[in-house]
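Listed below, chain by chain, are the residues.
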Amino acid sequence: MCMKIVVDEVCDEGLKNYLLSQNGILTVTIVVKDFLSEINIEYEKDITAFMIREYLRLYLDHEYPILVSFDKKVEKQCKRLKYLIKDMCCEYCYKSLVEALFNNPSVVSICSNFKFDAPAFDVEFDIGYDEKLNEKEIIKFIQDNA
């Protein structure tokens, strides 16, 4: 299984070595660009995306949200939703919403046009979610967590 996570942190070989030392983590690549780190992880089926996120949280030692985007790269088909938030408020609110979406097992991916160096207006989300859900459920989840 594979997963891609982008975090608001400059990560290094220390994180890669830490992740590789965990049982079930097979490969890790980290690409740093513009103070963000894209982390690609290949892992065994007995590891979950939530466990990997907790490994990241433990290593990076953050109590606040750090996820910027993610793709759990599930093998099943998923629906896509384009969703616009007119006023995202701030970076913390954005990353809190991304974390909430990550914690929802029915959400498989999220990316957006959010820019850390610009006002958080008109943030467009592209969300991949499980076919079992309908669009209204995902929109309600977003509204409850935004």
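As shown above, the structure is provided for reference.
Worth saying up front: this structure is predicted, and the values here are computed from it rather than measured.

*Asks:* Looking at this structure, I do not really get the packing of aromatic side chains. What am I missing?
*Replies:* For any pair of aromatic rings, the description rests on two quantities: the centre-to-centre distance and the angle between the ring planes. Tallied over the full model, the rule gives 7 aromatic pairs. Arranged with centres 5.0 Å apart and planes meeting at 85°, the rings of phenylalanine 70 and phenylalanine 102 form a pair that is edge-to-face. Residue phenylalanine 70 is located in strand β4 (residues 67-71), and its partner phenylalanine 102 is located in helix α3 (residues 91-103); the two are separated by 32 residues in the primary sequence. Among the residues examined, phenylalanine 70 registers a relative accessible area of 2% and is labelled buried. With relative accessibility at 0%, the residue phenylalanine 102 sits in the buried group.

*Asks:* Honestly, empty space enclosed by the protein in this entry has me stumped. Any pointers?
*Replies:* In this approach a probe as big as a water molecule rolls over the atoms, and the regions it shows empty are the leftover space. Under the definition given, this model contains 1 cavity of 30 Å³ or more. Residue lining of the largest cavity: Arg53, Leu56, Arg57, Ile66, Leu67 and Glu99, and that is the complete set. Element by element, the count of residues in the lining of the largest cavity is highest for helix α2 (residues 49-60), at 3 residues. Residue classes in the lining of the largest cavity are distributed as 3 nonpolar, no polar and 3 charged.

Reading the values: rules and limits
- Residues numbered from 1 in each chain as written.
- Predicted model: local features only at pLDDT ≥ 70, side-chain atom pairs only at ≥ 80, totals over all residues.
- Heavy atoms only, no water.
- Phe/Tyr/Trp six-rings, centres within 6.5 Å; stacked < 30°, edge-to-face > 60°.
- Helix = DSSP H or I, 4+ residues; strand = E, 2+ residues; numbered from the N terminus.
- Buried < 20%, exposed > 50% of the residue type's maximum accessible area, 1.4 Å probe, protein only.
- 1 Å grid on protein atoms, 1.4 Å probe; cavity = no way out; pocket = protein on both sides within 12 Å on 5 of 7 lines; lining within 4 Å.
- Points joined across faces, edges and corners; volume = space filled by probe spheres on them.
- Nonpolar A, V, L, I, M, F, W, Y, C, P; charged D, E, K, R; others polar.

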